[in-house]
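# Fold and geometry: a report
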Amino acid sequence: MESNWRTLSLTALAPIAWGSGYYVTEAYLPPGRPLFAALVRALPFGLLLLAFRPQLPTGVWWWRALVLGTLNIGAFFVLFFVAAYRLPGGLAATLTATAPIMVMLLAWSLIRERPGVHSLLGAAVGAAGVALLVLRAGFVVDPVGVAASFSAVALSSLGFVLVKRWRPPVDLLTFTAWQLVAGGLVLLPVAVLVEGAPPPLDLRAVGGFLYLGLAGTVLAYVVWFRGLGRLPAAAVSLVGLLNPVAGTVVGIALAGEAFGPTQALGMLLVLGGVLAGQPAVAARLRTARRQPIVTLTSFDSSPVSVSTTRKRFGPA
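No experiment lies behind these values; they were computed from the predicted model shown.

Before going further, it helps to spend a moment on the overall build of the protein. Along the protein, the regular secondary structure elements total 14 helices and two strands. Looking at the protein as a whole, 46% of its 316 residues are labelled buried. Within the protein, contacts between residues separated by at least 24 positions form 86% of all contacts whose residues are at least 6 apart in sequence. For the protein, the accessible surface area stands at approximately 15900 Å², while carbon and sulfur atoms represent 69% of it.

Have a look at this one:
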């Protein structure tokens with residue numbers, strides 16, 4: 001049980017790093033070049049990982065790496081940025097918060113991991129919390145943006161479940177490198193056709209790309225894939241809801257963004273949904289409910305009921 005919580009805590013570094021990336025992108029990177037930013041996050045750092053882990057795929061892993069890289073990196077980044085451009089940030093984040101439910105349903109159908117009621121309820125509560133946390137009044141619903149957002153959620157959710165189904169024959173760094181390179185190669189022609197030549201970069205932009213590449217991509221995806229390999233899909237997908245929480249906290253601390261009672265309630269709902277939806281929490285609650293009660297008789301012959309989980313009968 002403790003090992004699962006340690007793994008879950010380490011996995012949480014991924015959405016925290018992704019959430020902090022919003023501020024870094026806005027404050028340090030060249031504006032209006034999302035595909036270029038996505039390409040730089042994926043391809044160079046994937047090649048860097050391959051330099052440390054010089055092992056190429058073999059057999060079926062050539063096409064599996066291409067599929068996973070496209071789903072988790074290439075297509076996801078493209079669709080995500082289409083949604084980001086066509087939808088208000090709060091609405092895009094709220095739609096993305098449906099990902100845990102999508103992951104649970106796909107895991108149920110593809111790898112027979114049936115989600116518990118507590119996990120589905122936790123996902124619903126967490127998505128409601130995200131809506132309170134980031135959604136603002138007066139937004140306009142763009143059908144193309146909504147379709148892109150849901151498509152991004154569906155493709156990345158499928159990719160995450162396939163990571164669990166297709167156990168890689170290599171270590172996590174190599175496995176992550178394959179996906180980043182494959183996803184970057186998918187992004188390359190799209191970025192060139194849509195955005196043209198790369199923009200000039202100053203030291204601030206280079207520093208921002210280094211943070212996003214090392215922390216927000218390499219570290220984040222390694223611990224995320226590690227969590228997917230060791231924990232149920234429901235547990236890992238719920239942790240992803242920490243992404244907008246981290247983005248909000250960084251925005252408040254570094255950008256002076258407003259934070260009121262509605263945002264506080266939303267944050268509590270997200271954290272509560274993530275915690276309540278964990279299978280380990282549900283198992284512990286079921287165990288506590290099943291604990292038998294032992295009836296003792298005191299010196300004055302009155303019955304005294306105590307739980308058998310109480311190991312010590314002296315003063316607290």
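Another aspect to go through is the environment of tryptophan 166. Positionally, tryptophan 166 belongs in the loop between helix 8 (143-165) and helix 9 (172-195). For tryptophan 166, a relative accessible area of 12% translates into the label buried. In sequence terms tryptophan 166 and glycine 229 are 63 residues apart; their C-alpha atoms lie 9.8 Å from each other.

Over its 19 residues, helix 3 (residues 34-52) runs 28 Å from end to end, which matches the ideal 27 Å to within 8%, given 1.5 Å per residue. Counting buried positions along helix 3 gives 14 out of 19 residues, so the element sits mostly inside the fold.

Quick look at the packing of aromatic side chains now. The geometry of an aromatic ring pair is captured by the separation of the ring centres together with the interplanar angle, meaning the angle of the planes. All chains considered together, the criterion is met by 12 aromatic pairs. Here tyrosine 23 and tyrosine 28 contribute two aromatic rings whose centre-to-centre distance is 6.4 Å and whose plane-to-plane angle is 80°, an arrangement assigned as edge-to-face. Cluster of aromatic residues (ring-pair linked, three or more members): Trp18, Trp61, Phe160, Phe175, Trp178, Tyr221, Trp224 and Phe225. In this structure, arginine 64 packs its charged tip against the face of tryptophan 61, placed 5.3 Å from the ring centre.

Glycine aside, negative phi is the norm for most residues, and most peptide bonds take the trans geometry. Located in the positive-phi region is arginine 112, a residue other than glycine, with phi close to 60°. Looking at the secondary structure, you find arginine 112 in the loop between helix 6 (99-111) and helix 7 (117-134). Overall, the relative accessible area of 65% leaves arginine 112 in the exposed class.

This brings us to the packing of helix 3 against helix 10 (residues 203-230). Relative orientation of the contacting elements helix 3 and helix 10 amounts to 70°, with a least axis distance of 9 Å. With respect to each other, helix 3 and helix 10 are oriented roughly perpendicular. Along this stretch, helix 3 crosses helix 10, giving a crossing that reads as right-handed. On the side of helix 3, the interface is formed by Phe36, Ala37, Val40, Arg41, Phe45 and Leu49, while helix 10 contributes Phe209, Leu210, Leu212, Gly213, Leu214, Gly216, Thr217 and Val218. The residue makeup of the contact of helix 3 with helix 10, split by class, is 10 nonpolar, three polar and one charged.

Here the structure, examined in full by the defined rule, presents three salt bridges. Here arginine 33 and glutamate 195 are joined by a salt bridge, their closest N and O atoms 3.4 Å apart. Here arginine 33 is found in the loop between helix 2 (13-28) and helix 3, whereas its partner glutamate 195 is found in helix 9, with 162 residues between them in sequence. Under the relative-accessibility criterion, arginine 33 is labelled buried at 16%. You can call glutamate 195 buried: its relative accessible area is 17%. Lysine 164 is paired through a salt bridge with glutamate 113; the nearest N and O atoms lie 3.5 Å apart.

We now examine the confidence of the model for the protein. The predicted model of the protein has a mean per-residue pLDDT of 85, with 86% of residues at 70 or higher. Highest mean pLDDT in the protein belongs to helix 9 (95); lowest belongs to strand 2 (residues 303-307) (49). A low-confidence stretch, residues 305-316 (pLDDT under 50), is modelled with 15 contacts involving residues beyond four sequence positions or located in other chains.

Moving on, we come to the nonpolar core. Counting residues in hydrophobic clusters, the biggest one holds 60 residues, and the most contacted among them are Trp224 and Phe225. Apart from the residues within four sequence positions on either side, tryptophan 224 is in contact with Thr11, Ala14, Pro15, Trp18, Phe160, Val236, Ser237 and Gly240. Counting residues in hydrophobic clusters, the runner-up holds seven residues, among them Val24, Phe36, Ala37 and Leu212.

As for its placement among the helices and strands, asparagine 243 is situated in helix 12 (residues 242-255). Polar contacts involving the side chain of asparagine 243 include one to the side chain of tyrosine 22, which spans 3.1 Å. Excluding residues that lie within four positions of it along the chain, asparagine 243 makes contacts with Pro15, Trp18, Gly19 and Tyr22.

Rules used in this analysis
- Residues numbered from 1 in each chain as written.
- Predicted model: local features only at pLDDT ≥ 70, side-chain atom pairs only at ≥ 80, totals over all residues.
- Heavy atoms only, no water.
- Helix = DSSP H or I, 4+ residues; strand = E, 2+ residues; numbered from the N terminus.
- Buried < 20%, exposed > 50% of the residue type's maximum accessible area, 1.4 Å probe, protein only.
- Contact = heavy atoms within 4.5 Å.
- Areas by Shrake-Rupley, 256 points an atom, 1.4 Å probe, with all protein chains shown as cover.
- Expected span 1.5 Å × (residues − 1).
- Phe/Tyr/Trp six-rings, centres within 6.5 Å; stacked < 30°, edge-to-face > 60°.
- Lys NZ or Arg CZ within 6 Å of the ring centre and 35° of its normal.
- Axes fitted to C-alpha atoms, helices over the stretch in contact; angles between N-to-C directions.
- Parallel < 35°, antiparallel > 145°, perpendicular 65-115°, else oblique.
- Left-handed = near helix turned anticlockwise from the far one by under 90°.
- Nonpolar A, V, L, I, M, F, W, Y, C, P; charged D, E, K, R; others polar.
- Salt bridge = Lys/Arg side-chain N within 4 Å of Asp/Glu carboxyl O.
- pLDDT = per-residue confidence, 0-100.
- Core = buried A, V, L, I, M, F, W, Y, C linked by side-chain atoms within 4.5 Å.
- Polar contact = N/O pair within 3.5 Å; in protein donor to acceptor, adjacent residues only side chain to side chain.

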